[in-house]
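One letter stands for each residue in the lines below.
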Amino acid sequence: MKEINIAVVPVAGMGTRLLPATKSQPKEMLLVGRKPVVQYVVEEMTRVGIKRLLFITGAGKTSIENYFDLNNELIQSLREAGKEDLLAEFEFERAPMQYFYTRQRQLLGLGHAVLCAHPFVGAQPFVVALGDSIIGVNAQSDIVQRMIECFWDTRADAVVAFEEVARDEVYHYGIAKPKTPGDVFEIADVIEKPNVAEAPSNLAIAARYVFAPTIFEALQRTKPGKNGEIQLTDAIRLLLQDGRKVFGMTLRNERRYDIGNFDSYFRAFVEFALADEKYGAGLREYVKALINGHSS
Ligand code: UTP
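Below is a short write-up of the structure.

1. Here's the deal with the overall build of the protein chain
Moving on, step 1. Helix and strand counts for the protein chain come out as eleven helices and 13 strands.
Moving on, step 2. Its C-alpha atoms give the protein chain a radius of gyration of 20 Å, near enough to 19 Å, the size a compact globule of 296 residues would have.
Moving on, step 3. For the protein chain, the spread of C-alpha atoms along the principal axes amounts to about 60 × 50 × 35 Å.
Moving on, step 4. Across the 296 residues in the protein chain, those meeting the buried criterion constitute 48%.
Moving on, step 5. Taking as baseline every contact in the protein chain between residues at least 6 positions apart, the subset at least 24 positions apart corresponds to 76%.

2. Some words on the site of the ligand
Moving on, step 1. Taken together, 19 residues form the shell around the ligand, and within it Gly 13, Gly 15, Thr 16, Arg 17 and Gln 104 come nearest.
Moving on, step 2. Gly 13 is positioned such that a nitrogen or oxygen atom in its backbone is 2.8 Å from an oxygen atom of the ligand.
Moving on, step 3. Met 14 has a polar backbone atom sitting 3.1 Å from an oxygen atom of the ligand.
Moving on, step 4. Against a free-state accessible area of 580 Å², the protein chains account for coverage of 84% of the ligand.

3. Focus: the side chain of Asp 258
Moving on, step 1. The topology assignment puts Asp 258 in strand S13 (residues 256-258).
Moving on, step 2. Notably, Asp 258 is buried but unbridged: the nearest opposite-charge side chain belongs to Arg 256, and the N-O separation is 4.0 Å.
Moving on, step 3. Excluding residues that lie within four positions of it along the chain, Asp 258 makes contacts with Asp 132, Ser 133, Ser 264 and Tyr 265.

4. Let's talk about the pattern of salt bridges
Moving on, step 1. Summed over all chains, the structure comprises 16 salt bridges.
Moving on, step 2. Residue Lys 61 is joined to Glu 28 by a salt bridge in which the shortest nitrogen-to-oxygen separation is 2.9 Å. Remark: Glu 28 occurs in the loop between strand S1 (6-10) and strand S2 (31-32) and Lys 61 occurs in the loop between strand S4 (52-57) and helix H2 (62-67); sequence separation between them is 33 residues. Considered together, Lys 61 and Glu 28 belong to a single accessibility category, that of buried residues.
Moving on, step 3. In this structure, a network of salt bridges that share partners links the residues Glu 217, Arg 221 and Asp 242.

5. What about the packing of aromatic side chains?
Moving on, step 1. Across all of its chains, the model carries 15 aromatic pairs by this definition.
Moving on, step 2. The interplanar angle of 50° and the centroid separation of 4.9 Å between the aromatic rings of Phe 100 and Phe 120 together place this pair among those described as tilted. With Phe 100 in strand S5 (residues 98-103) and Phe 120 in helix H6 (residues 118-121), the pair connects residues that are 20 residues apart, well separated along the chain.
Moving on, step 3. For Phe 120, a relative accessible area of 22% corresponds to the partly exposed category.
Moving on, step 4. Ring geometry for Phe 151 against Trp 152: centres 5.2 Å apart, planes inclined by 80°, an arrangement best described as edge-to-face.

6. So, unusual backbone geometry
Moving on, step 1. Here the residue pair Leu 19 and Pro 20 is connected by a cis peptide bond, since its omega of 5° sits within 30 degrees of zero.
Moving on, step 2. As for its position among the elements, Pro 20 is in the loop between S1 and S2.
Moving on, step 3. Despite not being glycine, Ala 139 shows a phi value in the positive range, around 60°.
Moving on, step 4. Take Ala 139: it is sitting in the loop between strand S7 (133-135) and helix H7 (143-154).
Moving on, step 5. Phi angles above zero are rare outside glycine, and Ala 207 is one such case at about 70°.

7. Re the environment of Val 159
Moving on, step 1. In this fold, Val 159 is placed in strand S8 (residues 158-164).
Moving on, step 2. Between the alpha carbons of Val 159 and Ala 273 there is a distance of 32 Å; along the sequence they are 114 residues apart.
Moving on, step 3. If near-sequence neighbours (up to four positions away) are discounted, Val 159 is found in contact with Met 147, Cys 150, Phe 151, Arg 208, Tyr 209, Val 210 and Phe 247.

8. A few points about the pairing of strand S6 (residues 126-129)
Moving on, step 1. Taking every second residue as pointing to the same face, both faces of S6 are buried, with Phe 126 and Val 128 on one and Val 127 and Ala 129 on the other.
Moving on, step 2. With two bridges connecting them, S1 and S6 associate as parallel partners. Bridge pairing links Ala 7 to Val 127 in S6.
Moving on, step 3. In terms of strand pairing, S6 meets strand S11 (residues 203-211) through four bridges, oriented antiparallel. Across the sheet, the residue bridging to Ala 129 is Arg 208, located in S11.

9. Here's the deal with the environment of Gln 104
Moving on, step 1. With respect to the helices and strands, the residue Gln 104 is situated in the loop between S5 and helix H5 (110-115).
Moving on, step 2. Look at Gln 104 and you get buried, because its relative accessible area is 7%.
Moving on, step 3. Sequence separation between Gln 104 and Gly 58 is 46 residues; the distance between their C-alpha atoms is 5.5 Å.
Moving on, step 4. Every residue in contact with Gln 104, bar those within four places of it in the chain, is listed here: Ala 12, Ile 56, Thr 57, Gly 58, Gly 109, His 112, Ala 113 and Cys 116.
Moving on, step 5. Polar side-chain contacts of Gln 104 include one of 2.9 Å to the side chain of His 112.

Conventions and cut-offs
Residues numbered from 1 in each chain as written. Predicted model: local features only at pLDDT ≥ 70, side-chain atom pairs only at ≥ 80, totals over all residues. Heavy atoms only, no water. Helix = DSSP H or I, 4+ residues; strand = E, 2+ residues; numbered from the N terminus. Rg over C-alpha atoms; globule rule 2.2 N^0.38 Å. Buried < 20%, exposed > 50% of the residue type's maximum accessible area, 1.4 Å probe, protein only. Contact = heavy atoms within 4.5 Å. Near = heavy atom within 4 Å. Polar contact = N/O pair within 3.5 Å; in protein donor to acceptor, adjacent residues only side chain to side chain. Areas by Shrake-Rupley, 256 points an atom, 1.4 Å probe, with all protein chains shown as cover. Lys, Arg positive; Asp, Glu negative; His and termini not counted. Salt bridge = Lys/Arg side-chain N within 4 Å of Asp/Glu carboxyl O. Phe/Tyr/Trp six-rings, centres within 6.5 Å; stacked < 30°, edge-to-face > 60°. Pairing = 2+ DSSP bridges.

Below, the structure is given as structure tokens:
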């Protein structure tokens, strides 16, 4: 039985790097192509068999709760108007998923957000999927499925997704120090935002985790780091210091789309829009003409 039923999706962050877009709406509700970021995350979790999904929310995030409500009136009126094609877009509402919400009452970092899930998760393994990151175009990725299998096969305390990044970008991320080679590797250490010279690899933590409940005890012991936040990476370090097994798994063909800053948000939007079945081809021609026009 290589499955996990619970996912925790932190969405409480302020999104300051995306201001003013996030002044009165959550970054997790920004559109990438046709859908808000968080819908891709939920669809990914549905595909890997998650049955109960807990959002860690905060001030100004109620539009996320509204989004996952059933909207029978809207569905009824689309049906009466014969708009069957639009009805298909509401399939996600019917997924066999139960949604739960709890508030992170103080923004004390991602580690603290995950700790808020402890009373809900109890003593079970669970997935953490950051609500501001999509894995793969249109969330077509099986990385979490493979991480769940690795979790059961290795009896690890944590399995973490990684993506190769440019060497000079490592200081933005949590970076792995692998103990063994390969796409699935045991981790010796993880270092949060290292200097380029000190980084042990170019493998950056990529927004998806599978945890045994031992992570909660590690989080409780984790001291606030720079800027007073409790870092999830520091809790993973504590697991390693306790002699627990932590595995890493690298993304294969898919990329991580981080909707946390404008540079990667713009890139994600363009890529998803270009992949759109209906509008992608026309957009490609438009963008080509635009670029040629600008360079002439
Ligand atoms: P980020 O650090 O990218 O989010 O966290 P942020 O705090 O919104 O970023 P800036 O610096 O203000 O722009 C990654 C994920 O963790 C959640 C965020 O909502 C995001 O999905 N998060 C972060 C929390 O839920 N709580 C926190 O205290 C911090």
